[in-house]
Amino acid sequence: MKSRFPLRHLLVPALVAITSMSAVMTPAAQADTTANSDVRVATAVPPLESMRLTKSTGAKVTVTPEMQRNSLSVIDTIRSANWDGVSAAEKERLIVISLMTMAQESTFFTNPSTRVPNRDNDVGPFQQRSLVGWYADGATQAENNAILNGIPYATLTFIEGHPVGVKAPGAAGRLGYVIPGVFQKKNWRTDEMWKVAADVQVPASKYRYYYEHWRPVVEAMVKALEGVASPATEVTPPTAEVDPPTAETVNVYTTAGEHTVAGRNWRTTCEAYSGSIDRCRAEIWSTQVTKVNGNFVAQNGWNFNNLTYLPASRTQWAGHPFTIDGPFTSSGREWKTSCADDWTGPNACRSFIKSNVIESVLDAAGNRSYREVEDWVFNSVVTFSD
């Protein structure tokens, strides 16, 4: 999959595998848990305003900026996809079908309960089963929960279906069996859109038509959002030549979606931090070592890397410890911030938290061991637009 919009002022530094992470308390400033690596700057999405739209039932609904951001992620994912034999007009049809479905299944992925498995073990914007051997290929359900909560992945899986990639008791089928998506439905181009959605989602018969209730809302929203970039992208002029992103033009810290850069797998999600500031969370597939019952245990999975607060004016951050040089304490934890240094440049500040981390040690004989140490761990970066 590729994004439509390149990023300027982009530098992807050398990537560092996370080998340890300890649980930390977040400060009142809403920082997240620890990580290590570098980060650079992207352009924020223009502020969105709530829309008051009408369902086919006549009911009025408020489509919030968060709903619009999540919908933009779906729109960009579909328009950027390369599917043989699928026209631009058919992609627009897929957008409406997908958003009707996401609206019904998760209220445009703003219902907090949809981020954790329900009694059927369904999770995410399209409520896809997170058991091992279903819609994602993680080794554990926890890994699958994280994968299926990614809007680009869930969108493509809803449309393309998913071949079973992990053999497990209770799997959807044998290895290679394709759990049907839109493309596996013979008449997806011609059937009524609510029927396509219902055929993929297979709700109880009395709920099948409910997807249609959202169609007027979705069509009005898509029209209103035309020309607005997805989170963590920037719009180029309509006449500009846009090159497909490569490992050199993807910013793993601010380009939403899953990326492979320098042989490492990254996953980035972006959301509103406040009414006018967005932030992106970057995760990397890596080995995390934790201490369990006195033993060091290594496990592969998606691990937090860092937060990036996208550019906003300095006045919006006035007095915030993330933008003031020096140490501070929050929730009993030690923090420190560095601004306008050689690493950040003049328009950013980065913050660190003091944490107990697990360090990997290799002796002269080549034997690996682990030990706990206290260290400053990079957590987040705030970028300024002025």
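The structure contained in this document is the topic of the report that follows. (Residues numbered from 1 in each chain as written. Predicted model: local features only at pLDDT ≥ 70, side-chain atom pairs only at ≥ 80, totals over all residues. Heavy atoms only, no water.)

## Points about the layout of surface pockets
Phase 1 of the analysis: Of the voids in this model, the largest pocket is the one considered here, and its volume is about 670 Å³.
Phase 2 of the analysis: Forming the walls of the largest pocket are 30 residues, and the residues nearest its centre are Glu105, Asp122, Gln127, Arg129 and Gln201.
Phase 3 of the analysis: For the lining of the largest pocket, the secondary-structure elements that each account for two or more residues are β4 (128-129), α4 (151-160) and α5 (193-201).
Phase 4 of the analysis: Broken down by element, the lining of the largest pocket gets its largest block of residues, 3 residues, from α5.
Phase 5 of the analysis: Grouping the amino acids of the lining of the largest pocket by side-chain chemistry returns 14 nonpolar, 9 polar and 7 charged.
Phase 6 of the analysis: Forming the walls of the second largest pocket are 25 residues, and the residues nearest its centre are Arg115, Asn149, Thr269, Cys270 and Glu271.
Phase 7 of the analysis: Counting only elements with at least two residues in the lining of the second largest pocket, the list comes to α1 (65-80), α4, β8 (264-272) and β9 (278-292).
Phase 8 of the analysis: Among the elements that take part in the lining of the second largest pocket, β8 stands out by supplying 5 residues, more than any other.
Phase 9 of the analysis: Looking at the lining of the second largest pocket residue by residue, the class counts come to 9 nonpolar, 7 polar and 9 charged. (1 Å grid on protein atoms, 1.4 Å probe; cavity = no way out; pocket = protein on both sides within 12 Å on 5 of 7 lines; lining within 4 Å. Points joined across faces, edges and corners; volume = space filled by probe spheres on them. Helix = DSSP H or I, 4+ residues; strand = E, 2+ residues; numbered from the N terminus. Nonpolar A, V, L, I, M, F, W, Y, C, P; charged D, E, K, R; others polar.)

## A word on the sheet that holds β9
Within a beta sheet, neighbouring strands are joined by backbone hydrogen bonds and run either parallel or antiparallel to one another.
Phase 1 of the analysis: What the 8 strands build is an open sheet, ordered β7-β8-β9-β10-β14-β13-β12-β11; its pairing is mixed. In this open sheet, the two strands that pair with only one neighbour each are β7 (257-261) and β11 (326-330). Sheet twist, expressed as the mean angle between neighbouring strand axes with direction ignored, is 30°.
Phase 2 of the analysis: Pairing analysis gives 5 bridges linking strand β12 (residues 333-339) to strand β13 (residues 348-362), with the strands arranged antiparallel. Following the sheet pairing, threonine 337 is matched in β13 by serine 351. (Pairing = 2+ DSSP bridges. Axes fitted to C-alpha atoms, helices over the stretch in contact; angles between N-to-C directions.)

## Describing the packing of aromatic side chains
Phase 1 of the analysis: On inspection of all chains with the given rule, the structure shows 17 aromatic pairs.
Phase 2 of the analysis: A ring pair is formed by tyrosine 273 and tyrosine 309, whose centres lie 4.9 Å apart and whose planes are at 80°; its orientation type is edge-to-face. You can see tyrosine 273 sitting in the loop between β8 and β9 and its partner tyrosine 309 sitting in strand β10 (residues 295-312), a full 36 residues away along the chain. Like tyrosine 309, tyrosine 273 is buried.
Phase 3 of the analysis: Plain terms: the ring middles of tyrosine 273 and tryptophan 317 are 5.8 Å apart, the flat faces sit at 10° to each other, and that makes the pair stacked. Of the two residues, tyrosine 273 is situated in the loop between β8 and β9 and tryptophan 317 in the loop between β10 and β11; the sequence distance between them amounts to 44 residues.
Phase 4 of the analysis: Classification of tyrosine 273 as buried rests on a relative accessible area of 18%.
Phase 5 of the analysis: Grouped by ring-pair contacts, the aromatic residues Tyr273, Tyr309, Trp317, Phe322, Phe328 and Trp335 constitute a single cluster.
Phase 6 of the analysis: Positioned above the aromatic ring of tryptophan 214 is the side chain of lysine 55, whose terminal nitrogen or guanidinium carbon lies 4.3 Å from the ring centre.
Phase 7 of the analysis: Across from the ring centre of phenylalanine 352, 5.7 Å away, lies the NZ or CZ of lysine 336, which sits over that ring. (Phe/Tyr/Trp six-rings, centres within 6.5 Å; stacked < 30°, edge-to-face > 60°. Buried < 20%, exposed > 50% of the residue type's maximum accessible area, 1.4 Å probe, protein only. Lys NZ or Arg CZ within 6 Å of the ring centre and 35° of its normal.)

## Quick word on the packing of helix α2 (residues 88-106) against helix α7 (residues 215-224)
Phase 1 of the analysis: One can describe the packing of α2 onto α7 by two numbers: an axis separation of 9 Å at closest approach and a directional angle of 125°. Judged on the interaxial angle alone, α7 and α2 are oblique. Judged by the twist between their axes, the crossing of α2 over α7 is right-handed. On the side of α2, the interface is formed by Ile95, Val96, Leu99 and Met100, while α7 contributes Arg215, Val218, Glu219, Met221 and Val222.
Phase 2 of the analysis: Within the contact of α2 with α7, the residues separate by chemical class into 7 nonpolar, no polar and 2 charged. (Parallel < 35°, antiparallel > 145°, perpendicular 65-115°, else oblique. Left-handed = near helix turned anticlockwise from the far one by under 90°. Contact = heavy atoms within 4.5 Å.)

## Points about the side chain of arginine 279
Phase 1 of the analysis: Mapped onto the fold, arginine 279 is located in strand β9.
Phase 2 of the analysis: In terms of polar contacts, arginine 279 uses its side chain to reach the side chain of tyrosine 309, at 3.0 Å. (Polar contact = N/O pair within 3.5 Å; in protein donor to acceptor, adjacent residues only side chain to side chain.)

## Looking at the state of the cysteines
Phase 1 of the analysis: Applying the stated rule across the entire model yields 2 disulfides.
Phase 2 of the analysis: Covalently, cysteine 270 is tied to cysteine 280 through a disulfide, its sulfur atoms 2.1 Å apart. Sign of the S-S torsion, about 105° for the bond between cysteine 270 and cysteine 280, identifies this disulfide as right-handed. Of the two residues, cysteine 270 sits in strand β8 while cysteine 280 sits in strand β9, which places them 10 residues apart along the sequence. Comparing cysteine 270 with cysteine 280, the two get one shared label, buried. (Disulfide = S-S within 2.5 Å.)

## Regarding unusual backbone geometry
Phase 1 of the analysis: Even without a glycine there, the phi angle at asparagine 121 is positive, about 70°.
Phase 2 of the analysis: Within the secondary structure, asparagine 121 is located in the loop between α2 and β3 (122-123).
Phase 3 of the analysis: Positive phi is not limited to glycine here, since serine 331 has a value of about 50°.
Phase 4 of the analysis: Within the element layout of this structure, serine 331 appears in the loop between β11 and β12.
Phase 5 of the analysis: Look at serine 331 and you get partly exposed, because its relative accessible area is 49%.

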